[in-house]
Structures are given as structure tokens and as C-alpha cells.
Amino acid sequence: MDIILLGTGTAVPVRLHSPAGFVVIADGFRLLLDIGPGTLSRMEQAEIPYDQLDRLLLTHFHPDHTLDLATLLLVFNYAPGAGRTRPFTITSCEGIEEFLQHFYALYPDLVPLTYDLQVQSVRQSQFSLGNLKITSALTGHTPESVGYRLECGGRSLVYSGDAAPGGDLVHLAAGADLLISECSFPDDWETEEHLNAKSLGLLAAQAGVKSLLVTHCYPPALAVDLVGQIHIHYPGKVQLALDGLRISL
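Residues numbered from 1 in each chain as written. Predicted model: local features only at pLDDT ≥ 70, side-chain atom pairs only at ≥ 80, totals over all residues. Heavy atoms only, no water.

### What to know about the overall build of the protein
Per the secondary structure count, the protein includes eight helices and 14 strands. Within the protein, the fraction of its 249 residues that count as buried is 55%. Sequence separation of at least 24 residues holds for 63% of the intrachain contacts in the protein that already meet a minimum separation of 6. Total accessible area computed for the protein in this model is approximately 10,300 Å², and 53% of it derives from carbon and sulfur atoms. Charge separation in the protein, taken as the distance between the mean sites of 14 positive and 27 negative side-chain charges, equals 9 Å. (Helix = DSSP H or I, 4+ residues; strand = E, 2+ residues; numbered from the N terminus. Buried < 20%, exposed > 50% of the residue type's maximum accessible area, 1.4 Å probe, protein only. Contact = heavy atoms within 4.5 Å. Areas by Shrake-Rupley, 256 points an atom, 1.4 Å probe, with all protein chains shown as cover. Lys, Arg positive; Asp, Glu negative; His and termini not counted. Charge placed at Lys NZ, Arg CZ, Asp CG, Glu CD.)

### Side note on helix α6 (residues 197-207)
For α6, the set of buried residues is A197, S199, L200, G201, L203, A204 and A207. Looking at the buried positions of α6, the neighbouring elements they touch are α5 (169-172), β11 (178-182), β12 (211-215) and α8 (226-231). N-cap assignment for α6: the residue whose side-chain oxygen lies 3.1 Å from the backbone N of K198 is N196. Positive phi appears at G208, one or two residues downstream of α6, with a value of about 70 degrees. (Polar contact = N/O pair within 3.5 Å; in protein donor to acceptor, adjacent residues only side chain to side chain.)

### A closer look at the sheet that holds strand β1 (residues 2-7)
The strand order β6-β5-β4-β3-β2-β1-β14 describes an open sheet built from seven strands, whose pairing is mixed. The sheet is open, and its two borders are formed by β6 (117-122) and β14 (246-248), each paired with just one other strand. Across the sheet, the mean angle from the axis of one strand to that of its neighbour is 20 degrees, orientation sign disregarded. Along the sheet, helix α4 (residues 96-106) contacts β5 (88-93) and β6; its crossing angle with β6, the most-contacted strand, is approximately 140 degrees. (Pairing = 2+ DSSP bridges. Axes fitted to C-alpha atoms, helices over the stretch in contact; angles between N-to-C directions.)

### Observations concerning helix α3 (residues 69-78)
Residues of α3 that are buried: L69, A70, L72, L73, F76 and N77. In a view along the axis of α3, the buried residues occupy a sector of 165 degrees, so they form one face of it. (Arc of directions from axis to C-beta.)

### With respect to the pairing of β11
In terms of burial, β11 is a largely internal element, five of the five residues being buried. Neither face of β11 is left uncovered, since the one carrying L178, I180 and E182 and the one carrying L179 and S181 both have all their residues buried. Two strands pair when backbone bridges link them, and strand β10 (residues 155-159) and β11 are joined in this way by three bridges, in the parallel orientation. Residue L157 lies in a different strand from β11, and its bridge partner there is L178.

### Considering the pattern of salt bridges
For the structure on display, the rule yields six salt bridges. R86 is the partner of D54 in a salt bridge, and the nearest nitrogen-oxygen pair spans 3.0 Å. With D54 in the loop between α1 (39-45) and β4 (55-57) and R86 in the loop between α3 and β5, this pair connects stretches of sequence that are 32 residues apart. Take R86: its relative accessible area is 36%, and that puts it in the partly exposed class. As a salt-bridge pair, R123 and E94 come within 3.4 Å of each other at their nearest N and O atoms. On the criterion of sequence distance, the pair formed by R123 in the loop between β6 and β7 (126-129) and E94 in the loop between β5 and α4 is long-range, its members being 29 residues apart. Classification of R123 by relative accessible area gives partly exposed; the value is 34%. Connected through salt bridges with shared partners, the residues K133, R149 and E151 form a single ionic network. (Salt bridge = Lys/Arg side-chain N within 4 Å of Asp/Glu carboxyl O.)

### Digging into unusual backbone geometry
Of note in this structure, L16 is not a glycine but carries a positive phi near 70 degrees. With respect to the element layout, L16 can be found in the loop between β1 and β2 (21-26). Look at L16 and you get partly exposed, because its relative accessible area is 39%. Of note in the backbone geometry, D34 takes a positive phi value of approximately 65 degrees without being a glycine. Mapped onto the elements of the fold, D34 is located in the loop between β3 (29-33) and α1.

In C-alpha cells:
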């Protein structure tokens, strides 16, 4: 699996930490996980053609994870001389059909014209694309939010999306080679809707993940030694994610 991080931050503007989105290339499939504002521009900078995407996986519907879906659907219809013709699938937490209807009501030009847009709602689900196995689980950030586990060629990647301490992320991430997880706040910031350094460190240790890549950090988290705080609870490899980082598993 090849992983290209396009957006590793929150909605708050921070240099090198744009809103959420990254590409995974595995078994010939090109998957986009979340599509926060500006994702398509960063895809172009990373030389990943938007028209080669096979599927979008959404974790939840907050704007910093979804806003560039409007741009993607628009260019699928109206890119000069290059409108999409092959089907496109959005795999999402529950509610994707209603979410798309709201998009279409605001922006009628997003309704697919030349291709079939297919949607798949997941909760605690499992499916395969070729040799790529995908599992989803609830993360507790919102009632419907999910994280994803991708497994291919004996390697495993887990993406938290936004997550809370009480979700099922620890089970989803069990033994994973890489956990890409949010860490919104330092360890002294308590929250029921996000992870902080302490809760993420404890989760990663309990799950026994082999390495941890930290994303979705609000400015207070970036202002401290976040990796050091996580290491108090998790002894494995920890890295702070930056836009443009590329990883191979």
C-alpha cells in the first residue's frame, strides 16, 4: 500500500496541516479517504489525477472532511473534454443519501450527468475490492462516524477519522502496522468528542499498533511536545503527520 497524505489538519488554517484527506493506492485501486476543503488542489500538486480515483471513503460529514466533495462532483461533470464516464462509488457512514440530496439542493450542477454515482453506507461492516479488504467501525465522534481498516498483501492500515475515547477504534486498530489517528488536543485537554495525547497513547498501546501517525491536531496540540506526551503511554514509533508525506507499507 502506498499512502499520500494530502491534508493532516483541522478546519483551523495551519501551515502544512490542511483539512483532512489522503490517498491510498493498493491492489490497483486508488482510494481517497475524506475530502476536506482544498483536497483536489493538493491532489494535483501530488500528481494524482482526480479522474483516476476509484472510490471515496468518508468517515463523517463535518465540513473539514467533506467540503471538496462539491468540487469533485462538479469537475466530474464539467471538466472540459474530460467528463467522467465510468462509475464512481462513495463509501460512507450512514446518512450519505440525505447528505448528497442536500448538496444537490444547494448546487444542482453536482447531480451526475455522464456517470453512475453509487453509494454504500457502512457502520460495523466489511467488504473487499479485489485483494484489498476494508473494515469499518464506529468511532464515537458522532453517532454515525466511522474509521476504516485497510488490509492488503499482509499489511494493515487504520484511519480513525475523528474519534472519541469510547468508540470501537481500539478494536479496529488491533495489531495494525500503521494507525493514522487524530489527536486533537494535548493530554490536559479533556474532551468527549475527540482524542487527546493521553487517550490516543493509551488506545494505541491497548491496540498494540506497530506505529502511529498523528493527524488532526488543533493549534494547542501543535504548541506542545505532542509526540512526547503520547510516548508516556505508548512506547512504539510515533510521527506527526505533515501535508505531502508519502508512506509505503
